[in-house]
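Summary of structural features
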Amino acid sequence: QVQLVESGGGLVQAGGSLRLSCAASGRTFSTYHMGWFRQAPGQEREFVASISRTSSSYYADSVKGRFTISRANAKSTLYLQMNSLKPEDTAVYYCAGRPVGANEYRYWGQGTQVTVSS
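What counts as what
Residues numbered from 1 in each chain as written. Predicted model: local features only at pLDDT ≥ 70, side-chain atom pairs only at ≥ 80, totals over all residues. Heavy atoms only, no water. Salt bridge = Lys/Arg side-chain N within 4 Å of Asp/Glu carboxyl O. Buried < 20%, exposed > 50% of the residue type's maximum accessible area, 1.4 Å probe, protein only. Phe/Tyr/Trp six-rings, centres within 6.5 Å; stacked < 30°, edge-to-face > 60°. Helix = DSSP H or I, 4+ residues; strand = E, 2+ residues; numbered from the N terminus. Lys NZ or Arg CZ within 6 Å of the ring centre and 35° of its normal. Core = buried A, V, L, I, M, F, W, Y, C linked by side-chain atoms within 4.5 Å. Contact = heavy atoms within 4.5 Å.

Concerning the pattern of salt bridges
Per the stated rule, a full pass over the model turns up four salt bridges. Ionic pairing is found between arginine 38 and glutamate 46, a salt bridge with its closest N-O pair at 2.6 Å. Of the residues examined, arginine 38 reaches a relative accessible area of 5% and is grouped as buried. A salt bridge links lysine 64 to aspartate 61; its shortest N-O distance comes to 3.1 Å.

Some remarks on the packing of aromatic side chains
Applying the stated rule across the entire model yields five aromatic pairs. Their ring planes at 10 degrees and their centres at 5.8 Å tell us that tyrosine 32 and tyrosine 107 sit as a pair that is stacked. Placement of the pair is tyrosine 32 in the loop between β3 (18-24) and β4 (33-39) and tyrosine 107 in strand β10 (residues 107-108), with a sequence separation of 75 residues. Tyrosine 107 matches tyrosine 32 in its accessibility class, with the two residues each being buried. Ring pairs connect the aromatic residues Phe37, Phe47, Tyr105 and Trp108, which therefore count as one cluster. The ring of tyrosine 79 is capped by arginine 19, whose NZ or CZ atom sits 4.0 Å from the centre of that ring.

Notes on the nonpolar core
Membership of the largest hydrophobic core comes to 29 residues, with the highest contact counts inside it found for Trp36, Leu78, Leu80, Met82 and Tyr93. Broken down by secondary-structure element, the contributors of at least two residues to this core are β3, β4, β5 (46-51), β7 (67-72), β8 (77-82), β9 (91-98) and β11 (112-117). When near neighbours in sequence (up to four residues on either side) are disregarded, methionine 82 contacts Gly16, Ser17, Leu18, Leu20, Arg66, Phe67, Tyr93 and Val114.

Observations concerning the environment of serine 7
Among the structural elements, serine 7 can be located in strand β1 (residues 4-7). Between the alpha carbons of serine 7 and glycine 35 there is a distance of 15 Å; along the sequence they are 28 residues apart. Serine 7 has contacts with Arg19, Leu20, Ser21 and Thr112, leaving out every residue within four places of it along the chain.

Put into C-alpha cells, the structure is as follows:
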C-alpha cells in the first residue's frame, strides 16, 4: 500500500508559476510510474503528465512546454513545475501511482487546489 500526499497548490495570477509536490510513503516509489491528473468543476478528471521509472516523461498537449514533471526517488517525491499558468489550468490536481505490471493507476492522493486568476 502506498499513500500519496500532494502539496503546493494555491492562488496565482495568470502568467505565474507554482510547484506541486507529491510525497509518497513506502519503499517502492522508485518502481512506480507516476502521474499528475486534474479535475476542474463540472468536468471529468484529465491526464496532465506522467513519468516512468526511468524518468521518461509524457504530457498532455494543453500543458506541453509549460509544465515539467520530475521525480526524486531518494526522497520518494514527485513534482510538477507549472509555468505560464492560465485560468483554464484551474483545477484540483492529483498525483497517482501505477505499479509495475499494472495497466491502471492504483494509488491516488487527496488532491491540491490550484486557482489561476485572470
